[in-house]
Amino acid sequence: MPLISKITPATIKEAATALARGDLVAFPTETVYGLGADAKNEIAVKKIYEAKGRPADHPLIVHISNLRLISEWTRQLPDYANKLAIAFWPGPMTLILPRTQLAGDFITGGQDSVGIRIPNQKNALSLLEKFEKHGGLGVAAPSANRFGKVSPTTAAAVEEELGAYLSLNDKILDGGLCNVGLESTIIDCTSQSPMILRPGAITQSMIFETTNMNPVTEITSNLKAPGLLTSHYAPNAQVVLDQNPQPGDGFIALKNIKTPPGVHRLASPRNNCEFARVLYESLRYGDRLRLKTIHVEIPLGDDIAEAIKDRLIKSSNRSSN
Ligand code: TXA
Ligand code: MG
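Reference entry: report on the structure contained in this document. Since this is a predicted model, take the numbers as computed values, not measurements. (Residues numbered from 1 in each chain as written. Chains lettered and ligands numbered in written order. Predicted model: local features only at pLDDT ≥ 70, side-chain atom pairs only at ≥ 80, totals over all residues. Heavy atoms only, no water.)

Attention shifts here to the side chain of R198. If you trace the backbone, R198 turns up in strand β10 (residues 195-198). In this structure R198 is buried but unpaired, with E183 as the nearest side chain of opposite charge at 5.1 Å. A distance of 2.9 Å separates a polar atom in the side chain of R198 from the backbone oxygen of S184. Beyond its immediate chain neighbours, meaning those up to four positions away, R198 contacts I61, E183, S184, T185, I186, Y233 and R311. (Helix = DSSP H or I, 4+ residues; strand = E, 2+ residues; numbered from the N terminus. Buried < 20%, exposed > 50% of the residue type's maximum accessible area, 1.4 Å probe, protein only. Lys, Arg positive; Asp, Glu negative; His and termini not counted. Salt bridge = Lys/Arg side-chain N within 4 Å of Asp/Glu carboxyl O. Polar contact = N/O pair within 3.5 Å; in protein donor to acceptor, adjacent residues only side chain to side chain. Contact = heavy atoms within 4.5 Å.)

Structural data, given as structure tokens:
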């Protein structure tokens, strides 16, 4: 089992060397922790799929430190995608773009497109930069959880999810709690206009304001994306979406909503951003308490509340898994 390392210049340097050697490094981003491997190294990337228990045809996001590297991975950046990249990178946004040959089938699940993101987290960016000094061109990284489970937002949660599946040469970097707490907005940029495949902190109205195009949101494509399956992001407890927990149940809701007697209050965030930041840790806390049921009252709004709603509907959807 790999040890968790506190982030220092020395541990970032070691982690970059580990990536260059073909080992795995779990690292913090502003959204959730990623499980990284050299995106050019097929054997290293295979280790990600094994550790996650993820089907081989589900594509990975390539993380880069700088827009200059984008032409390594995509052969075409539509004008509206360029506007999005300039406005929101580094940030919680992934663009799906036509791939170059460098983006092998082992990254894209055999699709002709590739997901790319520049994360907005200083440790993630220094890791990527150090790795690029070793000749790296990008780090493939899915969320650092077992397939279908809740994404980790702390290093301890990465260890809980994947510790048993990583080797001694792999590393987990500890950068504290992720600031956003939910996975990036995924925008398919392979057609005439943007299509949101997964809502996140970059919202529909932000995309409209930047591109002057109304993004399509319904999922009409048949792209292989685990986040698009009906049951995903699921804790062990059954998630129920209402504000009627019974004694013994867990409960997550905005601070102004009262806790009924005998209920375990797992989180009382003050606003929607804080809700997103603490949601996954609160679900894990409920699992640690071995609760059978966690009730969540979804906050309202057209901001990150849309992403909260998306994840919670998927995590509550057990029957179809
Ligand atoms: O915030 C995030 O995006 C985090 C951090 C670590 O960057 N990463 C993340 O990766 O959530 P993952 O693999 O857990 O979710 C990425 C989603 C998956 O549903 C994947 O199928 C989809 O992006 N995806 C990746 N490449 C794609 C492509 N070429 N076409 C369609 N979907 C793609
Ligand atoms: Mg994931």
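There is more to say after this.
With respect to the helices and strands, T153 occurs in the loop between β7 (139-140) and α7 (155-162). Since its relative accessible area comes to 0%, T153 is described here as buried. Excluding residues that lie within four positions of it along the chain, T153 makes contacts with T31, V32, Y33, G176, L177, C178, G181, Y280 and E281.

A few words now on unusual backbone geometry. The residue after W89, namely P90, is reached through a cis peptide bond having omega -5°. Its place among the elements puts P90 in the loop between α4 (79-88) and β5 (93-98). The phi angle at N212 is positive, at roughly 65°, despite the residue not being glycine. With respect to the helices, strands and loops of the structure, N212 is situated in the loop between α8 (204-211) and β11 (238-240). Although it is not a glycine, Y233 adopts a positive phi angle of roughly 55°. Here Y233 lies in the loop between α8 and β11.

All right, on to the pattern of salt bridges then. This structure, assessed with the given rule, holds 16 salt bridges. In this structure, the salt-bridge partner of D23 is R21, at a minimum N-O distance of 2.7 Å. R270 serves as the salt-bridge partner of E274, at 2.7 Å between the closest nitrogen and oxygen. Accessibility expressed as a relative area gives 16% for E274, which makes it buried. Ionic contacts of the salt-bridge type, sharing partners, join the residues E160, E161, E281, R284 and R288 into one network.

Remember, this is a structural readout, not a statement about activity or role.
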